[in-house]
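Summary of the model geometry
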Amino acid sequence: MDPQDAEVIGGYEMKFMDRVKRNLAWSGVMMAAVLGVSAAGGSVVWGAARTAVQADVATAAGTVQVVAPTERGTLTCTADKTNVNITGAVSGAVSDPAVYDNYWYLFEMQPYEDELGARTDYAAWWTKGDAISCTLPLGFGTSSDKLYSKFVLAVFDGNKYHAISEPTYITNPEVLAKNTGEYKKPSTKKGLLLDGGMTSDAMELGVKHTTINIAFHHLLGEGIDYQYDGKTYHFNKGVVAEYDRVVEYMSNKDLMVTAIILNGWNDNTPQLFLPGVTKNSKAYYYSFNGSTAEGVETIKAIASFLAERYSGTQGKGKISNWIIGNEINNNEIWNYAGQKDLNTYVREYMKAFRVFYTAIKSVNSNDRLFFSTDFNWTDPEASQVKYGARNVIDAFGAVVKAGGDISWNLSYHPYPDPLVEPEFWNDGENGRAIDSVDTRILNFNNLHILTDYLQRQELRAPDGTVRHVILSEQGFTSQSATRGNVEKIQAAAMAYAYYIADSNPYIDAIIMNRQVDNIDETNTSVALGLWRCDMSTPGVVKATMRKPVWTVFRVIDRKDSLEYTEFAKEIIGIEKWSDVIPNFRWKKYEK
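Cut-offs and rules
- The residue numbering used here restarts from 1 in each chain and proceeds along that chain's sequence as written.
- Only residues with pLDDT of 70 or above have their local features reported here, since the model is predicted, and side-chain atom pairs are shown and tallied only from 80 upward, although totals for entire chains, interfaces and linings are computed over all residues.
- In computing side-chain values, all of the structure's heavy atoms are included and hydrogens and water are not.
- Counting from the N terminus, the helices are the DSSP runs of H or I reaching at least four residues and the strands are the DSSP runs of E reaching at least two.
- One less than the residue count of a helix, multiplied by 1.5 Å, gives the span that helix is expected to have.
- Type-normalised accessible area, obtained with a 1.4 Å probe on protein chains alone, sets the label of each residue: buried when under 20%, exposed when over 50%, and partly exposed for intermediate values.
- Lines are fitted to the C-alpha atoms to define the axes, a helix being fitted only along its stretch in contact, and any angle between axes, read from their N-to-C directions, falls within 0 to 180 degrees.
- For classification purposes, an angle smaller than 35 degrees is called roughly parallel, one larger than 145 roughly antiparallel, one from 65 to 115 roughly perpendicular, and anything else oblique.
- By convention the crossing between two helices is left-handed if the near helix lies anticlockwise of the far one by an angle smaller than a right angle, and right-handed if it lies clockwise.
- Whether two residues are in contact is decided by their heavy atoms, any of which lying within 4.5 Å being enough.
- Stacked, tilted and edge-to-face are the three classes assigned to paired rings of Phe, Tyr and Trp, where Trp is represented by its six-membered ring and a pair needs centres within 6.5 Å; plane angles under 30 degrees give stacked, over 60 edge-to-face, the rest tilted.
- Two conditions define a charge located above a ring, namely a distance within 6 Å from the ring centre to NZ of Lys or CZ of Arg, and an angle within 35 degrees of the ring normal.
- Take a side-chain nitrogen of Lys or Arg and a carboxyl oxygen of Asp or Glu: if they are within 4 Å of each other, that pair is a salt bridge.
- The pairing criterion is simple: DSSP has to find at least two bridges between the two strands.
- In this count, Pro and Cys sit with the nonpolar residues alongside Ala, Val, Leu, Ile, Met, Phe, Trp and Tyr, while Asp, Glu, Lys and Arg are called charged and the others, Gly among them, polar.

In an α-helix, one turn spans 3.6 residues; hence positions three or four apart end up facing the same way. Taking 1.5 Å per residue, 17 residues should reach 24 Å; helix α5 (residues 293-309) reaches 24 Å between its end C-alpha atoms and fits that length. Burial of α5 is extensive: 14 of the 17 residues sit out of reach of the surface.

Dropping the structure here:
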């Protein structure tokens, strides 16, 4: 073979003689380590060699146990229409040359992979000290699609490759989106979870935001065929048709639609659940499976299908916000993944979130993705299935940033504590919802702590802005557990909460739960609706009478709402809203 012939590895040319030299040099190093002589032929002290490589010649063939690498690498991965563009840097002392060869290697990993294992199929390599930069074909929409891949730097000890960087994902999938329409911000923050058949009431109320629950586990079926990455997926035509009807109607009424993607149990779709997770009587919903090939492929296809269908370009309406799961800090009930420590749990969730993010943003560039937590800000009883929201936010932010930061956002549920009493402004008296970053409960009584916390540099979005927050679920009971009917206090609580959210520039929406009381909840003194319900029709939502909160909610996003909320000041014990609400939006109109 001509010595100038080249071997192409991962898009790079490696001269034949350089490759031979590398292999010969490495053989010499390994022989020196085992026999106690230098690669150049001189002797070395065996004890020093043993300290350096922790050699343990246990058999005639010998085995060598090596020390961990000392370099640490960082990567940046972005895409354009046809390629993945990767750059990187390495810091720290170069790993011991008596153990590791003189090259850095780049591996492509699938989202569900955690280890390199025995792999040898690196995509590119560089001599240590050289600039780390390469371009790989993206293959978008094919079976070799790299859009969802993560990439890692590694060093080689002669036997296996060791990762020296965090696996890093492509951070700008939106560059591939066909739908680049702007994110249309509604005129107010007022939102409501709607009950079927009462959409005209919502229009009379002037609602601008609403949510829809999408049952992830019921989407697959028959009737609609969908091609993704060379495979055909089948969707339940009847289920999808109902979502079409609701999303299209809401969109046509100029509502901002937020989809909450929920993964309930379905015996027919085991690929949607994490390996080893079985049906649990306590769990309403389950964590998404980003840890197997089939799980990832299925999430990609379903998320892409939904993003395309509800892009606003298919005549099916527009979903602008996507909440992946519900109250993920409560693993036990709302996002079951089995018993896991916080970091393991968050990493598992992050794998699936990344897939959703990439699938949706590569279709609709300006859609927003959120994860959701409840109001348990810190949890002194944190366990393997429940975690404080603050800890989840911190862990999620750190894990995502390490793997290539993206524009995640937060959906938060600041209910009163307890739910059976509406006066959240008294919640600090029990020592749980206090004005401290270490508060046990974070709700409307101390809501500024949440947005203050998200202004920390380490939690900001890649462009330096504060993450978007939507209050996607909260409500105030009109049926006190201790006093019975408290409908006027419910109305006062809603007004106060709305003014707090409306005056906070980092909150995009406040979506109230519910439009009509739920019978089961009302029986436990949690009557959150704007309407009373017929308590004699279990299983059927039948509105009977508007509560005082209905009238207040109708006007709450207008300056003349001050006339309707004057009554609330005496209930709360204040003279002016601006005395208790920083930057009160309607301050100049106060008497």
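In the contact formed by helix α6 (residues 342-361) and helix α7 (residues 389-402), the axes pass within 9 Å of each other and the chain directions differ by 60°. Looking at the two axes, α6 sits oblique to α7. Handedness of the α6/α7 crossing: right-handed. Contacts between α6 and α7 pair L342, N343, V346, R347, Y349, M350, F353 and R354 from the former with N391, V392, A395, F396, V399 and V400 from the latter.

Turning our attention to the packing of aromatic side chains. Tallied over the full model, the rule gives 40 aromatic pairs. Residues Y105 and Y122 carry aromatic rings whose centres are separated by 4.8 Å and whose planes lie at 55° to one another, so their mutual orientation is tilted. Placement of the pair is Y105 in strand β7 (residues 103-109) and Y122 in the loop between β7 and β8 (124-127), with a sequence separation of 17 residues. The buried category is assigned to Y105, whose relative accessible area is 0%. Where Y499 meets F584, the ring centres are 5.1 Å apart and the plane angle is 75°; that geometry is what we call edge-to-face. Here F584 lies in the segment after α13 (566-572) and Y499 lies in helix α9 (residues 487-502), a separation of 85 residues in the sequence. One exposure class covers both Y499 and F584, and it is buried. Here a set of aromatic residues connected by ring pairs shows up, and it is made of F424, W425, F444, F476, Y496, Y499, W577 and F584. Here K190 stacks its cationic end above the ring of F553, 5.3 Å away from the centre of that ring. Lying over the aromatic face of Y183, R368 brings its terminal NZ or CZ to 3.6 Å of the ring centre.

In this section: the pattern of salt bridges. Considering all chains together, one arrives at 28 salt bridges under this definition. Between R119 and D121 there is a salt bridge whose closest N-O contact spans 2.9 Å. The buried category is assigned to R119, whose relative accessible area is 19%. Assessed through its relative accessible area of 48%, D121 is described here as partly exposed. A salt bridge links D229 to K300, with the nearest nitrogen and oxygen atoms 3.3 Å apart. In this pair, D229 is assigned in the loop between β15 (223-228) and β16 (231-236) and K300 in helix α5, connecting sequence segments 71 residues apart. Its relative accessible area of 5% is what places K300 among the buried residues.

Next up on the list: the pairing of strand β10 (residues 150-156). Most of β10 sits out of view: seven of its seven residues are buried. Side chains of β10 alternate between two faces, with K150, V152, A154 and F156 and F151, L153 and V155 buried alike. Pairing of β7 with β10 involves five bridges; the strand directions are antiparallel. Bridged to L106 within β10 is L153. As judged from the two bridges shared by β10 and strand β12 (residues 168-169), these two strands associate in the antiparallel manner. What sits directly across from K150, in β12, is Y169. Where β10 meets strand β11 (residues 161-163), three bridges bridge the pair, whose relative direction is antiparallel. For V155, the partnering residue across the bridge sits in β11 and is H162.

At a minimum axis distance of 8 Å, the contact between α9 and helix α11 (residues 548-555) shows a crossing angle of 20°. Of the possible angle classes, the one that applies to α9 and α11 is roughly parallel. In this structure, α9 crosses over α11, and the sense of that crossing is right-handed. Packed against α9, whose contacting residues are E487, Q490, A491, M494 and A495, the element α11 presents P548, V549, V552 and F553 at the interface. Grouping the constituent residues of the contact of α9 with α11 by class yields seven nonpolar, one polar and one charged.

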